[in-house]
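# Secondary and tertiary structure notes
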Amino acid sequence: MFWINDRCINCGTCWQFDPDHFSPSGERACVAVQPVDAPEAQQALLALQACPVAAIETERELRNTTPTDGFPVVIHEHPLGTVQYCGWASRRSFGACSWLITRPSGNVMVDVPRWSAPLARRIKDLGGLQFILLTHRDDVADHELWARSFRCERWIHAADADAAPQAEQRLKGHDALEIAEGLQLIPTPGHTQGSLCALLGDARSVLFSGDHLWWNPEQAVVVASERYCWWDFASQLQSIERLLELDVALLLPGHGRRHAFAPGAWRTALEQTLNWSRRHHEP
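Residues numbered from 1 in each chain as written. Predicted model: local features only at pLDDT ≥ 70, side-chain atom pairs only at ≥ 80, totals over all residues. Heavy atoms only, no water.

For the coordinates displayed, the defined rule picks out eight salt bridges. Here E168 makes a salt bridge to R154, at a shortest N to O gap of 2.9 Å. Residue E168 is found in the loop between β10 (153-157) and β11 (169-171), and its partner R154 is found in strand β10; the two are separated by 14 residues along the sequence. Judged by its relative accessible area of 39%, E168 is partly exposed. (Salt bridge = Lys/Arg side-chain N within 4 Å of Asp/Glu carboxyl O. Helix = DSSP H or I, 4+ residues; strand = E, 2+ residues; numbered from the N terminus. Buried < 20%, exposed > 50% of the residue type's maximum accessible area, 1.4 Å probe, protein only.)

Further remarks concern unusual backbone geometry. Note that the residue after F71, namely P72, is joined by a cis bond; omega there is 5°. Residue A54 is not a glycine yet carries a positive backbone phi of 55°. In this structure, A54 sits in the loop between α2 (38-50) and β4 (56-58). The class for A54 is partly exposed, based on a relative accessible area of 34%. Unusually for a residue other than glycine, R204 sits at a positive phi of about 50°. By the secondary structure assignment, R204 is in the loop between β14 (196-200) and β15 (205-210).

With 16 residues, helix α7 (residues 265-280) should reach 22 Å at 1.5 Å per residue; the first-to-last C-alpha distance of 23 Å fits that figure. Restricting attention to buried positions, one finds in α7 the residues W266, A269, L270, T273, L274 and S277. Viewed end-on, α7 has its buried residues packed into an arc of 135°, placing them on one side of the element. Against β15, β17 (221-223), α6 (233-241) and β18 (248-253) lie the buried residues of α7. (Expected span 1.5 Å × (residues − 1). Arc of directions from axis to C-beta. Contact = heavy atoms within 4.5 Å.)

What follows concerns the sheet that holds strand β5 (residues 73-78). Taken in spatial order, the seven strands make up an open sheet running β5-β6-β7-β8-β9-β10-β11, and their pairing is mixed. Each having just a single partner strand, β5 and β11 make up the two edges of the open sheet. Within the sheet, the average angular offset between the axes of one strand and its neighbour, ignoring direction, is 20°. As judged from the three bridges shared by strand β9 (residues 131-133) and β10, these two strands associate in the parallel manner. (Pairing = 2+ DSSP bridges. Axes fitted to C-alpha atoms, helices over the stretch in contact; angles between N-to-C directions.)

Another aspect to go through is the pairing of strand β3 (residues 28-31). Relative to β3, strand β2 (residues 22-25) runs antiparallel, the two being bridged by four bridges. Among the inter-strand pairings, P24 is bridged to a residue of β3, identified as A29. Hairpin connection between β2 and β3: a loop of two residues separates the two successive antiparallel strands, and G26 in this loop has a positive phi of roughly 70°.

Set out below in C-alpha cells:
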C-alpha cells in the first residue's frame, strides 16, 4: 500500500510523526507495518504529506484522498496554549519539526516548515501568528514567506542571525527572556553558537529544544549529540546544566523523538545525559 523510494534522505520525519507504520532502517526509512484500516491509512497519508522530499509513495487513488487540512495536528494541551505539529517538513531544514502554539494572546510558530498554502489557511483560521521563534540557524526554512504572509515578528539569537538577517527581534547574550506571558527563550549555545530553546510554562512545562536535545526511545535517554554538534560540544554540555532545574513535562525537538516526562524525571534524565557525555567527550 505504501513504500519508500530512493529519494529518502533519512531525516526521520515519517517515523517521528507516525511510528506505527514507519521506522528507521539503515540509510533510509522503511514501511514497517502497512495500515489496516481507513484511519491508519489517513495517518500514513499525512506522513506522506509531511515528507520533505516526496519519498513516500502510494497508489494514486489512495494518494488523492490525502486531507489538505490534516495539519496542524494537536500534540499536547497545556494551560497556556495548545501545542500542534505543523507537518509539511522542509528539505532546507533536513525535515525538522515545526510546532504551533495556539493561545488567546497570540499564536506562536516554533521553527518553520516549508511554505504550504493549505497549512497557512488552517493557521489563519486558528488566529494567525503573533511571533515566529527560530531556535537556530539550521531550521529557518521558508521563514520569510511565513513572516510576510502573517506580518509577524521573528525572533532569533544574534549569534545565528545571519541565517535570518530580516528577523525583527534578536536575543543577545545568555540570559533567558520572557517574550510573552508564560513563554520564554533560553539561550543554549553549543549545537550552534546561537542555539536557543523555547519554554512554555513554569510548572509541567513544554520545552521546544531545536537540535539541542532529543529523545532516543531505543536507549530511553535524552540525547545531546557530539556527532551533530556544529559549534562547540563543551558549551552544549554547559547549556544542558542551565535546564536542570526546569519542570519539563514534554520535550519537543526539531529532530528525534518527542517524549513526556513524569514529575521529577526530567532532572534525572539530564543528569544521566551529562554524566555519559562527559565520560565519552574528549576536550
